[in-house]
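Residue-level listing of the chains:
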Amino acid sequence: MDRRSFLISSAALVAMPRVGQATAEPQVLRAMGFEQQILPTEFAGATRVLGFNGSTPGPELRIRQGRQFDIRLQNDLDMGAAVHWHGIRLDNRMDGVPGMTQPLVEPGESFDYSFTPPDAGTYWYHSHYLSQEQVARGLMGALVIEEETPPDVDHDITAILSDWKFDPEGQLIDDFDNLHDRAHAGRMGNFARVFLPDVTLKQGMRIRLRLINAAVDRIFPVILKGLSGQVVALDGMPLARPREMGMPVLAPAQRVDVIADVTGPVSLEMDHRAGAYPLGALAVEGAVTPRTAGISPLPANRIPPAAKTAAQHLTLTMQGGAMGRGHGGEDIWAFNDMSGMREAPFARFSRGETARISLVNDTRWPHGIHLHGHHFHELDETGALGDFRDTTLVNPGESRDILCVFDNPGKWMLHCHMLSHQASGMMSWVEVA
Ligand code: C2O
Ligand code: CU
């Protein structure tokens, strides 16, 4: 095997394997270890991974908006586990944060999750225990909340982006505590791909593509070839006005929904300084007459109206990392001079209160900041309400204000979704009561 041939910085991979995703709704999500072919077979054999029900990504879970969903996590790993339903505005007890919202699910034990998703859209689920390692090993999957009336498309396709840090034998490098990675951009895989279902498209078809960035630390700028369309949702939430598809950029945990017409061979590539890197492709055979109707917005979710003026205006400053200024926290990264989970929350909100938070990136690295149990508005420079998201990317030296209606009672994590940064201090929590 030629090791260089699968490194991201080297020549392009041509034939990418596709992994089909189960669409059945399993009652049990079994966390387990097994072997799976992640790399193209010409480079290496199967990789020891973690996943659910025998595959990574785990089964694609599909639920109807507003319907109760019950699922049991069965932990067949030799370490603890818990599952977080990323982006769902759910009951705090179901949020999947061990030690905060539930006990850790020990090996051989199980935990029953039950929630009613209020919003349609593209979400995902992932381990929230030692998540930097467990997500990197494969404990993640897609969570699709279906609209009552789905948009008019020929195929609804989930595309899970991830990267993997392989050794020459095609096994994951066991250096999750690597301080260099943690202090820089995080654990960057030397191989990246997209997991796509096994469908064959026809030119002229209209598809919905649900992009999910499940990588622990990598930001994916995605080049979509053979498609002409629009972005219709961000982090699950429909855009009132769909916008030009362009090159979607996804921070870890972010989602982008695109509705597009097939105009030629379809492929996904990552824009990379070493050139476009192929992530995967969808087969296109034959043609149909394209739709003439334009792309309409998805039906809106019922989002909590924000108050005109925020009751509190807080500042969360990201600090630390390589080449950064010193800070008062005891780990590599900090928020407001504090590293890791503290006894006291970063802030307390009374239920229903609208608060503004300035997210200030005083580091040399980008950070994707995620709030549990809520979505928030990004604010533009004039203070106008922008996109409604659960994870926002803040580039080095920049800052972003967000406005959030804290209407979901409980203890909610607020952390960097570059999971290597989270694992080395960049996390906190808020309390809504
Ligand atoms: Cu996607 Cu705290 O997680
Ligand atoms: Cu970060």
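All chains use their own residue numbering, which begins from 1 and follows the written sequence. Starting at A for chains and at 1 for ligands, labels are handed out in the order in which the entities are written. Side-chain atom pairs in this predicted model are given and counted only at pLDDT of 80 or more, local residue features only at pLDDT of at least 70, and totals for whole chains, interfaces and linings cover all residues. Excluding hydrogens and water, the side-chain figures rest on all heavy atoms present in the structure.

Looking at an unreviewed UniProt entry, one finds the chain named Multicopper oxidase mco, with Phaeobacter italicus as its source organism.

Digging into the side chain of Thr317
Applied cut-off: Put simply, DSSP H or I for four residues or longer makes a helix, DSSP E for two residues or longer makes a strand, and each gets a number counted from the N terminus. In this analysis, two residues are considered to be in contact whenever any of their non-hydrogen atoms come within 4.5 Å of each other.
One can find Thr317 in strand β18 (residues 312–320). Those residues in contact with Thr317, other than ones at most four positions away along the chain, are Ala334, Phe335, Asn336, Val360 and Asp362.

Comments concerning the pattern of salt bridges
Keep this limit in mind: A carboxyl oxygen of Asp or Glu within 4 Å of a side-chain nitrogen of Lys or Arg is what we treat as a salt bridge. Only protein chains enter the accessibility calculation, which uses a 1.4 Å probe. A residue is then buried if its area is under 20% of the maximum for its type, exposed if over 50%, and partly exposed in between.
Summed over all chains, the structure comprises 30 salt bridges. The residue Asp156 makes a salt bridge to Arg62 at a minimum N-O spacing of 3.3 Å. In this pair, Asp156 sits in strand β9 (residues 155–164) while Arg62 sits in strand β3 (residues 61–64), placing the two residues 94 residues apart along the sequence. The partly exposed category is assigned to Asp156, whose relative accessible area is 32%. Between Asp387 and Arg243 there is a salt bridge whose closest N-O contact spans 2.8 Å. Of the two residues, Asp387 sits in strand β24 (residues 385–389) while Arg243 sits in strand β14 (residues 237–244), which places them 144 residues apart along the sequence. For Asp387, a relative accessible area of 16% gives the class buried.

Points about the coordination of the copper ion (ligand 2)
Going by this rule: Only N, O and S atoms count as donors, using a 2.8 Å limit from the metal and a wider 3.2 Å limit for Na, K and Ca, and since water is excluded some coordination spheres may look unfilled.
All of the protein donors around the copper ion (ligand 2) are His367 (ND1), Cys416 (SG) and His421 (ND1); their distances to the metal are 2.0 to 2.1 Å. Read N to C, the donor residues that coordinate the copper ion (ligand 2) are spaced as H-x48-C-x4-H. With His367 in strand β22 (residues 367–371) and His421 in helix α3 (residues 419–423), the pair connects residues that are 54 residues apart, well separated along the chain. Like His421, His367 is buried.

Some thoughts on the state of the cysteines
Our working definition: Disulfides are defined in this document as cysteine sulfur pairs within 2.5 Å.
The final tally for this structure, using the stated rule, is zero disulfides. Considering cysteine sulfurs only, Cys416 is the nearest to Cys404, which forms no disulfide, with 18 Å between them. On the basis of relative accessible area, Cys404 is assigned to the buried category, the value being 1%.

Some points on the nonpolar core
Put simply, the test is: Put simply, a nonpolar core is a bunch of buried Ala, Val, Leu, Ile, Met, Phe, Trp, Tyr and Cys residues held in one set by side-chain atoms that sit within 4.5 Å of each other. Where each domain starts and ends comes from a domain assignment, either automatic or drawn from a database.
Counting 58 residues, the largest nonpolar core has Trp85, Tyr113, Leu143 and Phe406 as the members making the most contacts within it. Residues lining this core come from more than one domain, with at least three contributed by each of domain 1 (3–287) and domain 2 (312–432). Excluding residues that lie within four positions of it along the chain, Trp85 makes contacts with Leu29, Leu61, Ile71, Leu90, Met94, Asp95, Tyr113, Phe115, Trp124, Tyr125 and Leu143.

A look at the packing of aromatic side chains
The condition that has to hold: Aromatic pairs are defined between Phe, Tyr and Trp rings, using the six-membered ring for Trp, whenever the two ring centres lie within 6.5 Å; interplanar angles under 30 degrees are classed as stacked, those over 60 as edge-to-face, and all others as tilted.
Tallied over the full model, the rule gives 11 aromatic pairs. Here Trp85 and Tyr113 contribute two aromatic rings whose centre-to-centre distance is 5.3 Å and whose plane-to-plane angle is 75 degrees, an arrangement assigned as edge-to-face. Here Trp85, found in strand β5 (residues 83–86), pairs with Tyr113, found in strand β6 (residues 110–115); they are 28 residues apart in sequence, far enough to count as distant. Accessibility assignment for this pair places Trp85 and Tyr113 in one class, buried. With centroids separated by 6.4 Å and ring planes inclined at 15 degrees, the aromatic side chains of Trp164 and Phe166 adopt a geometry described as stacked. Comparing Trp164 with Phe166, the two get one shared label, buried. An aromatic cluster is defined as three or more aromatic residues linked by ring pairs; in this entry it consists of Phe52, Phe69, Trp85, Phe111, Tyr113, Phe115 and Tyr125.

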